[in-house]
Amino acid sequence: DVKVTQSSRYLVKRTGEKVFLECVQDMDHENMFWYRQDPGLGLRLIYFSYDVKMKEKGDIPEGYSVSREKKERFSLILESASTNQTSMYLCASGVRQGRILEQYFGPGTRLTVT
Amino acid sequence: DAKTTQPTSMDCAEGRAANLPCNHSTISGNEYVYWYRQIHSQGPQYIIHGLKNNETNEMASLIITEDRKSSTLILPHATLRDTAVYYCIVKLTFGKGTLLTVNP
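Here the structure is a predicted model, which is why all the values come from computation and not from measurement. Throughout this description, residue numbers start from 1 for each chain and increase along the sequence as written. Here chains are named by letter from A upward and ligands by number from 1 upward, in the order in which they appear as written. Residues qualify for local features only when their pLDDT is at least 70, as the model is predicted, and side-chain atom pairs are given and counted only at 80 or more; totals for whole chains, interfaces and linings, by contrast, use all residues. In computing side-chain values, all of the structure's heavy atoms are included and hydrogens and water are not.

Caption draft 1: Inspection of the pairing of strand E8 (residues 73-78) of chain A at higher detail. Residue and element names in this part refer to chain A. Summarising burial for E8: five of the six residues are buried, a large majority. Bridge count between strand E3 (residues 19-25) and E8: six bridges; the pairing is antiparallel. Looking across to E8, one finds that glutamate 22 is bridged to serine 75. The rule for pairing is simple: two strands pair if DSSP sees at least two bridges between them. Under the scheme used here, helices are H or I runs from DSSP no shorter than 4 residues and strands are E runs no shorter than 2 residues, and both carry numbers assigned from the N terminus. Relative to E8, strand E7 (residues 65-70) runs antiparallel, the two being bridged by four bridges. Paired with valine 66 across the bridge in E8 is leucine 76. Summary of the burial criterion: residues with accessible area below 20% of their type's maximum are buried, those above 50% are exposed, and those between are partly exposed, where the area comes from a 1.4 Å probe applied to protein chains only.

Below is the structure:
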């Protein structure tokens, strides 16, 4: 079975702190994704990566950056956390077969910024 | 980008078929429709995908209209464990999903 793990289930940070959310997958997938999930808004794509050192902006990249130095690891970085970044963050990895992309999600990190 | 529209919530009796609709009227000709579900406190789980033809797997069936502007996910015999938020997505746009509540 595919396993996607996220470094923390719950995280509390202060406004202005630099925050790292880590995601690791064990299936040698090329593609990795970061989403945030908020009540009433569903899942929104922040960034994704289709290869090592490659990144693409999603729908809401402002205030975030990412790093993909190794194939199995995709990090989401909040340079200066703000209270409006309090959210559930979900990481996914995926394998593409032609135009078909199936994603596997981690359990999520609930981040609270105070 | 293609967007999807789903009802906010639906109820279904245990053992009955659950039919979850999705509108994706702006879908492009070569884009797949995917369905995922999210059980409380877990990450979304892939269910099924389709392009033009109807699809079936061990979890569900997917019916796509001929014009591809809408689709329906069918859970043939819903159980209490099927209570979840169901997302219909095109490309990487998830939307808000449908909360399906299966009642005993």
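Caption draft 2: Structural detail: the environment of Gly16(A). All names here are of chain A. Turning to its location among the elements, glycine 16 is positioned in the loop between strand E2 (10-13) and E3. Note: C-alpha distance between glycine 16 and serine 80 (64 residues apart in sequence) is 4.3 Å. Should any heavy atoms of two residues lie within 4.5 Å, those residues are counted as being in contact. Not counting the four nearest positions on each side in its chain, glycine 16 is found in contact with Glu79, Ser80 and Ala81.

Caption draft 3: Here's a closer look at the nonpolar core. All names here are of chain B. Residues belong to a common nonpolar core when they are buried Ala, Val, Leu, Ile, Met, Phe, Trp, Tyr or Cys residues joined through side-chain atoms within 4.5 Å. Among the nonpolar cores identified, the biggest contains 21 residues, and Leu20, Trp35, Leu73, Leu75, Tyr86 and Leu100 are the most heavily contacted of them. Within the residue set of this core, elements represented by two or more residues are strand E2 (18-23), strand E3 (33-38), strand E4 (45-50), strand E6 (61-64), strand E7 (70-75), strand E8 (84-90) and strand E9 (98-103). Counting residues per element, this core draws most heavily on E8, at four residues. The contact partners of leucine 73, leaving out residues within four places of it in the chain, are Ala18, Asn19, Leu20, Trp35, Ile47, Ile48, Ala60, Ser61 and Tyr86.

Caption draft 4: Seen up close, the interface of chain A and chain B. In this assembly, 20 residues from chain A lie in contact with 19 residues from chain B. Regarding the contact of chain A and chain B, the summed buried area is about 1600 Å², with carbon and sulfur atoms giving 54% of it. Summed over both partners, the accessible area lost on bringing two parts together, with a 1.4 Å probe, is the buried area. It is Leu43(A), Arg99(A) and Ile100(A) that lose the most area in chain A upon contact with chain B, and together they represent 32% of the buried surface on that side. Salt bridges are identified by distance alone: a Lys or Arg side-chain nitrogen within 4 Å of an Asp or Glu carboxyl oxygen. Counting every contact that joins chain A to chain B gives zero salt bridges.

Caption draft 5: Main features of the state of the cysteines. All names here are of chain A. By definition, disulfides here are pairs of cysteine sulfur atoms that lie within 2.5 Å. Overall, the coordinates contain two disulfides over all chains when judged by the stated rule. What pairs with cysteine 23 in a disulfide is cysteine 91, and their sulfur atoms sit 1.8 Å apart. Linking cysteine 23 and cysteine 91, the disulfide has an S-S dihedral of approximately -75 degrees and is accordingly described as left-handed. Placement of cysteine 23 in strand E3 and of cysteine 91 in strand E9 (residues 87-97) is noted, with a sequence separation of 68 residues between them.

Caption draft 6: Layout of the packing of aromatic side chains. Think of it this way: a Phe, Tyr or Trp ring, Trp meaning its six-membered ring, pairs with another when their centres are within 6.5 Å, and the plane angle makes it stacked under 30 degrees, edge-to-face over 60, tilted otherwise. Applying the stated rule across the entire model yields 11 aromatic pairs over all chains. Through pairs of rings, three or more aromatic residues link up here, namely Phe33(A), Tyr35(A), Phe48(A), Phe105(A), Tyr36(B), Tyr46(B), Tyr87(B) and Phe94(B).

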